[in-house]
Number of protein chains: 2
Amino acid sequence: MRQQNLLMPTLREVPSDAEAVSHRLMLRAGLIRPLATGVYTYLPLGRRALRKAEAIVREEMDRIGAQEVLLPAMQPAELWRESGRYDVYGPELVRLRDRHDREFALGPTHEEVVTALVRDEISSYRKLPLTVYQIQTKFRDERRPRYGLLRGREFLMKDAYSFDTDWEGLDATYRAMYEAYHRIFTRCGLNYRAVEADAGAIGGEGETHEFMALAEIGEDTVVACDGCGYAANLEKAEAAAVQAAAVEEAAPPLERWHTPDIRTIAQLTELLGPEASRLMKTLLYVADGKPVAVVVRGADEVNELKVQRALGTDRLELADAETVQTVTGAPVGFAGPVGLNVPLLVDREVAALSEGIAGANERDYHYRHVRPGRDFSLAHTGDFREVRLGDRCVRCGEPLTLHRGIEVGHVFKLGTKYSTALGARVTGVSGTEQDVIMGCYGIGVSRLLSAVLEQHHDEQGIVWPLSLAPFHAHIIPVAVADDTQRKLAEELYERLQSLGVEALLDDREERPGVKFKDADLIGFPVRIVVGKKAGERVVEYKERQAPEAEQLTVEEAVRRLLELVKPAASEGA
Amino acid sequence: MRQQNLLMPTLREVPSDAEAVSHRLMLRAGLIRPLATGVYTYLPLGRRALRKAEAIVREEMDRIGAQEVLLPAMQPAELWRESGRYDVYGPELVRLRDRHDREFALGPTHEEVVTALVRDEISSYRKLPLTVYQIQTKFRDERRPRYGLLRGREFLMKDAYSFDTDWEGLDATYRAMYEAYHRIFTRCGLNYRAVEADAGAIGGEGETHEFMALAEIGEDTVVACDGCGYAANLEKAEAAAVQAAAVEEAAPPLERWHTPDIRTIAQLTELLGPEASRLMKTLLYVADGKPVAVVVRGADEVNELKVQRALGTDRLELADAETVQTVTGAPVGFAGPVGLNVPLLVDREVAALSEGIAGANERDYHYRHVRPGRDFSLAHTGDFREVRLGDRCVRCGEPLTLHRGIEVGHVFKLGTKYSTALGARVTGVSGTEQDVIMGCYGIGVSRLLSAVLEQHHDEQGIVWPLSLAPFHAHIIPVAVADDTQRKLAEELYERLQSLGVEALLDDREERPGVKFKDADLIGFPVRIVVGKKAGERVVEYKERQAPEAEQLTVEEAVRRLLELVKPAASEGA
């Protein structure tokens, strides 16, 4: 393509309202433009990159035998009522009414539609296993759309759904999908981790992994072990127990301690100095309408998902001040495990303390020498805290590292949640009817581009991985007005086109500085400058991140480019 | 792909609610399934065919230098208010409110979005001409969705928009697009006509063509001349004048004629016998709020668009009974041109009559011997009637033919309608600012599939053109349980896959009759049956519409298939 008439409006200035690097780069390099909050237009370069990502996803889905379909965006509300999600989905679900006042949802995901399809079209186990997928625009009215394509309200997603007759079948499908995801993200040049994730309090059987691109801007935390490869998201992550069980040593009796105006862990920590490591923090929650207390060490955070799993509920929220007063008899800031008359969940690190300091359930008082088991019950002890830096791997004992991550994909064993709700049943081998066993698998295709750019850039601009680059090569004649340069650039351009190398020819009459700056900003893998040595058929060949350009003959430059491009192009075959 | 687990639910019975052949075939062959009225799921075979159509469209767009973009489906209402379309578009526009109660439209088309984009990003003529296109799901809440994909509420469309600095530029862009459309529809194997169409009463300068697939189910009428190739849609079509100007012969004076209970042309025609050819039919309209009368021959129909153009209005509707009574002084059924005190538009065929019969503007009376020019004014004479069978070409005089047609594409010279409304201006060569000159170009990609199937089928099922067929070849082992047959079928399947021939292997344990029926129904170009002669490596090779199968060796069958497939596959290169 020729650059003169290409709709690629680059920006010199950094857009002030774009916080994420990838968002700034996409705006500056002319890949996208906003139309409304969280709603973007893909300009030609952005569209090309997006199509490359689509193609990689499609190839890997086809490779594992997933069948491409296209499900409607407009989904009747009745279907969402059948699954029970219409009323619980909340304002993220885009709703509309048609001219006959019938209610529709704009698909944020397609479990309902695809389950109803299988219910209506498949009746025998002999047609299973089946995996279908689509690459389609999705709609979610996010509360806080931000970071460009990282969290948009209209975005491109690959969603896949699998149907099996037994759990072993689902395991195999899940594994194939999991491996396909690894190939996809690897081909996109992404630095990522596949992490164990939480299926929610109720979906206990639902194994699930999230694919997290590592990046500072990420909204999630990934816990990883470089020793054994264990990785999980923070919600799910476990660590090895830090302390051995409490030594059976004598401890002084419980002591009431006057702590006027000391209401926060921070204040207590400052007051206590080294002794702060023995602080016990008690949080009051309301689970399914009833109060419960959770005790962790002062420096730890409660992992609410772990608490939910222990209680078998997905309705858990922090108690308000009034409830705290009622339950503890004291205002917020003085709760403690001693004498508390509600279920008490004690983190195992607290249980392992020989003694500690805790709130006294009385205004302006704490207790010293609180001894777990003696002063409060250890009947409900477990892992209720978030992993933090310094923790060690639950599997191999090596130190854990924490990273910020962007969720670019997930795989999920749904089980029979939707097939039961919608009645998707098949006759099994034995002739009896059974609910179909499902999995669902998503990739945020547009978000993936953002994640890649978060990782692949330098101060000058984007550094595209070859697999997603809008063009492989950028041909820049220094002086378009110079006949020799222009002709050689054109010859090279035509040559590359005929060889299947995607080239952009900068045929603009601009100053060389402007052209070079644009080239670095849009960041194609190879830049070929046709300059003063055009008469000798010598050009400057430079890979985007190479420190220096090389002087090569046109023929040598073409050969180098082919070496670079061709193995990648045939990768998917 | 293997058929056993392919989601391809074929139906033996003809779905009772599907009127169009293409709709029935798509349901029966398992290409689509309805989710809601006018909203369809594309199953794997349908998705494959759709992707082939997309690929053809994309190749031909890229070939003429159009740049692919992706514009949002969610469009802020403010943008539609800027163009003035938000309030006039009516209930076809799908509207919604986001969580902040902001109004959005789901794009039925993208003139507003793309014009605003060009307004914001392009300021100089040097970046023009520019043509962008996208292939995207569109939403139109049709009053009467029907015929499957022919008139849906959610459908796939290719829309393109061009931007030029002058009309000559637009002419060239329009011509390139027009030719690309010919290539697209030809490659899809469509029998179609590019017809002159009407740009609407006001858009006089807007040249526009519609691409009409010829099919009985079509909702439009195409007028075509086999002599010179002239083609137009019925609204726009002209015919040569039928009669010479009236001979200046003496005519008897006007005669009042008592016609009790004769109120319709049909009754008059029966009463008059051969003389009916001289009937004059007078219709009262209201144009921009004022009554006008139009006179055509009894057997002709008024072409309201021609009337609109003559009056320079797009607000024209038939007068109601009350208005007819007020204007003519008589009830409906007795209107005539004589003595009528409103503007009188006289069709030239009426003007050419030496005398005729017309209503007398009096209950139960008509006039005989009505002489145009003597008894009523010929000040506003013109072509106001619809072309009908028997008319001759306005260009070459050959007989015109009338066909039913499905609009599968249109090209339209928009001019500055949107650029003026939205302020899309560029600095021209001379340094002055000017409105950008636009064109828009659409193809209904999903509708195109329906149009193709309306033309390509027989009693057994679909007869796919090679270019759109979901698979090129269907391999059918008669008895899967037979080792020799199964192995040869597998070998052939693998061989074709490796050669880039898309094959579907019917590995189902079904009776041969079921397999053959399904094969004819889904209609891939070539069927290869592996049967009793598998031991001799002989198979049955049959093109879908060939009367008989041929006995060929496997090698010969592969060679024949490659001959068929490969030239087509490289067509777009």
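Residues numbered from 1 in each chain as written. Chains lettered and ligands numbered in written order. Predicted model: local features only at pLDDT ≥ 70, side-chain atom pairs only at ≥ 80, totals over all residues. Heavy atoms only, no water.

Chain A appears in an unreviewed UniProt entry as Proline--tRNA ligase from Paenibacillus elgii. Listed in UniProt under the heading Catalytic activity (unreviewed entry), the comment for chain A reads: "tRNA(Pro) + L-proline + ATP = L-prolyl-tRNA(Pro) + AMP + diphosphate". Recorded in UniProt under Sequence similarities (unreviewed entry), the annotation for chain A is "Belongs to the class-II aminoacyl-tRNA synthetase family. ProS type 1 subfamily." (UniProt positions renumbered as here; feature names shortened; annotations may be inferred.)

Student: Mind showing me how you'd approach the overall build of chain A here?
Tutor: Looking only at helices and strands, chain A has 14 helices and 29 strands in total. Principal-axis analysis of the C-alpha atoms places the extent of chain A at approximately 95 × 65 × 50 Å. Evaluated residue by residue, chain A yields a buried proportion of 56% over its 573 residues. Residue pairs in contact within chain A that sit at least 24 positions apart in sequence constitute 70% of those at least 6 positions apart. (Helix = DSSP H or I, 4+ residues; strand = E, 2+ residues; numbered from the N terminus. Buried < 20%, exposed > 50% of the residue type's maximum accessible area, 1.4 Å probe, protein only. Contact = heavy atoms within 4.5 Å.)

Student: Teacher, can you tell me more about the interface of chain B and chain A here?
Tutor: For interface size, the figure often reported is the accessible area lost on association. Contact residues are listed per partner, giving 57 residues for chain B and 57 residues for chain A. Of the roughly 5100 Å² buried where chain B meets chain A, counting both sides, 57% is carbon and sulfur surface. Our count for the contact surface shared by chain B and chain A stands at eight salt bridges. Of the charged contacts in the structure, one is a salt bridge between Asp98(B) and Arg153(A), with a shortest N-O distance of 2.9 Å. Run the count over chain B and chain A and you get 27 residue pairs in polar contact (both at pLDDT 80 or more). The element that contributes the greatest number of residues to the side of chain B that touches chain A is helix H2 (residues 44-63) of chain B, accounting for five residues. The residue makeup of the side of chain B that touches chain A, split by class, is 33 nonpolar, six polar and 18 charged. (Buried area = accessible area lost by both parts, 1.4 Å probe. Salt bridge = Lys/Arg side-chain N within 4 Å of Asp/Glu carboxyl O. Polar contact = N/O pair within 3.5 Å; in protein donor to acceptor, adjacent residues only side chain to side chain. Nonpolar A, V, L, I, M, F, W, Y, C, P; charged D, E, K, R; others polar.)

Student: It is not clear to me how the sheet that holds strand S19 (residues 365-370) of chain B should be interpreted in this structure. Could you clarify?
Tutor: By way of backbone hydrogen bonds, the strands of a sheet pair with one another, either parallel or antiparallel. Residues and elements named next belong to chain B. Overall, antiparallel pairing links the three strands, which are arranged S13-S19-S18 in an open sheet. Every interior strand has two partners, whereas the edge strands, strand S13 (255-258) and strand S18 (356-362), have only one. Taking each pair of neighbouring strands and ignoring which way they run, the sheet shows an average axis angle of 35°. (Pairing = 2+ DSSP bridges. Axes fitted to C-alpha atoms, helices over the stretch in contact; angles between N-to-C directions.)

Student: In this structure, what is going on with the relation of the copies chain B and chain A? I would like to understand it.
Tutor: For these two chain copies, the linking operation is a rotation about an axis paired with a shift along it. Of the two same-sequence chains, chain B is brought onto chain A (RMSD 0.2 Å, axial shift 0.0 Å) by a rotation of 180°. The transformation just described matches what one would write down for a two-fold rotation axis. Minimal C-alpha distance to the rotation axis in chain B is attained by Leu96(B), lying at 2.7 Å. Mapped onto chain A, 100% of the interface residues of chain B are again interface residues, and the two copies thus contact each other with one and the same surface. (Least-squares fit on C-alpha atoms with pLDDT ≥ 70 in both.)

Student: Would you mind going over the packing of aromatic side chains with me for this structure?
Tutor: Here a ring pair, both rings aromatic, is described through the centre-centre distance and the interplanar angle of the planes. Taken as a whole and judged by the stated rule, the model has 18 aromatic pairs over all chains. Between Tyr174(A) and Tyr441(A) the ring centres are 6.4 Å apart and the planes differ by 55°, which places this aromatic pair in the tilted class. Here Tyr441(A) lies in strand S24 (residues 437-444) and Tyr174(A) lies in helix H5 (residues 167-187), a separation of 267 residues in the sequence. Ring geometry for Phe185(B) versus Tyr192(B): centroids 5.7 Å apart, planes at 55°, classification tilted. Here the two residues Phe185(B) and Tyr192(B) agree in accessibility, since each one is buried. Here a set of aromatic residues connected by ring pairs shows up, and it is made of Tyr178(A), Tyr181(A), Phe185(A), Tyr192(A) and Phe211(A). Directly above the aromatic system of Phe516(A) lies the positively charged group of Arg527(A), at a separation of 4.8 Å from the ring centroid. For Arg48(B), the ring lying beneath its charged end belongs to Phe471(B), and the centroid distance is 3.9 Å. (Phe/Tyr/Trp six-rings, centres within 6.5 Å; stacked < 30°, edge-to-face > 60°. Lys NZ or Arg CZ within 6 Å of the ring centre and 35° of its normal.)

Student: Sorry if this is basic, but what is going on with the pairing of strand S15 (residues 290-297) of chain B here?
Tutor: Here is the key point about a regular strand: its side chains alternate between the two faces of the sheet. Residues and elements named next belong to chain B. Across the eight residues of S15, six count as buried, placing the element largely inside the fold. Bridging between strand S14 (residues 280-287) and S15 involves eight bridges; their strand directions are antiparallel. When the sheet's bridge partners are listed, Lys 281 is paired in S15 with Val 296. What sits between S14 and S15 in their antiparallel hairpin is a turn of two residues, with Asp 288 showing a positive phi close to 50°. Judged from the three bridges that link them, S15 and strand S17 (residues 344-347) form a sheet pairing that is parallel. Opposite Val 295, over in S17, you have Val 346 as the bridge partner.

Student: How should the sheet that holds strand S20 (residues 381-382) of chain A be read in this particular structure?
Tutor: Residue and element names in this part refer to chain A. The strand order across the open sheet built from five strands is S16-S14-S15-S17-S20, with neighbouring strands paired in mixed fashion. Since the sheet does not close on itself, it has two edges, and those belong to strand S16 (316-318) and S20, each with one partner. Relative to S20, strand S17 (residues 344-347) runs parallel, the two being bridged by two bridges. In the strand pairing of S20, Val 346 is matched with Thr 381. Where helix H7 (residues 304-311) meets the sheet, its contacts fall on strand S14 (280-287), strand S15 (290-297), S16 and S17, and the angle it forms with S16 comes to roughly 130°.

Student: What am I meant to see in the packing of helix H1 (residues 21-28) of chain B against helix H12 (residues 445-455) of chain B here?
Tutor: For any two helices packed against each other, one specifies the inter-axial angle together with the distance between the axes. Residues and elements named next belong to chain B. Closest axis-to-axis distance for the H1/H12 pair is 8 Å, and the angle between their directions is 100°. The orientation of H1 relative to H12 falls into the category roughly perpendicular. The residues of H12 that touch H1, namely those facing Val 21, Ser 22, Leu 25 and Met 26, are Leu 449, Ser 450, Leu 453 and Glu 454. Partitioning the contact of H1 with H12 into residue classes produces five nonpolar, two polar and one charged. (Parallel < 35°, antiparallel > 145°, perpendicular 65-115°, else oblique.)

Student: Looking at this structure, I do not really get H5(A). What am I missing?
Tutor: Residue pairs three or four apart in sequence face the same way in an α-helix, which turns once every 3.6 residues. Taking 1.5 Å of rise per residue, the 21 residues of H5(A) would be expected to cover 30 Å, and the 30 Å separating its terminal C-alpha atoms lies within 8% of that figure. Two residues or fewer after H5(A) comes Gly189(A), characterised by a positive phi angle close to 75°. (Expected span 1.5 Å × (residues − 1).)

Student: Hey, could you run me through the pattern of salt bridges in this one?
Tutor: Where side chains of opposite charge bring their charged atoms close, a pairing between them can arise. All names here are of chain A. For the coordinates displayed, the defined rule picks out 112 salt bridges over all chains. We note a salt bridge from Glu 82 to Arg 119, for which the minimum N-O separation is 3.2 Å. One end of the pair, Glu 82, is in helix H3 (residues 77-83); the other, Arg 119, is in helix H4 (residues 111-121), with 37 residues separating them in the sequence. The class of Glu 82 is partly exposed, set by a relative accessible area of 38%. The exposure class of Arg 119 is partly exposed, given its relative accessible area of 27%. Lys 413 serves as the salt-bridge partner of Glu 207, at 2.7 Å between the closest nitrogen and oxygen. On the criterion of sequence distance, the pair formed by Glu 207 in the loop between strand S9 (192-196) and strand S10 (208-214) and Lys 413 in strand S21 (residues 400-415) is long-range, its members being 206 residues apart. Exposure remark for Glu 207: the relative accessible area of 32% places this residue in the partly exposed category. Residue Lys 413 is classed as buried on the basis of its relative accessible area of 7%.

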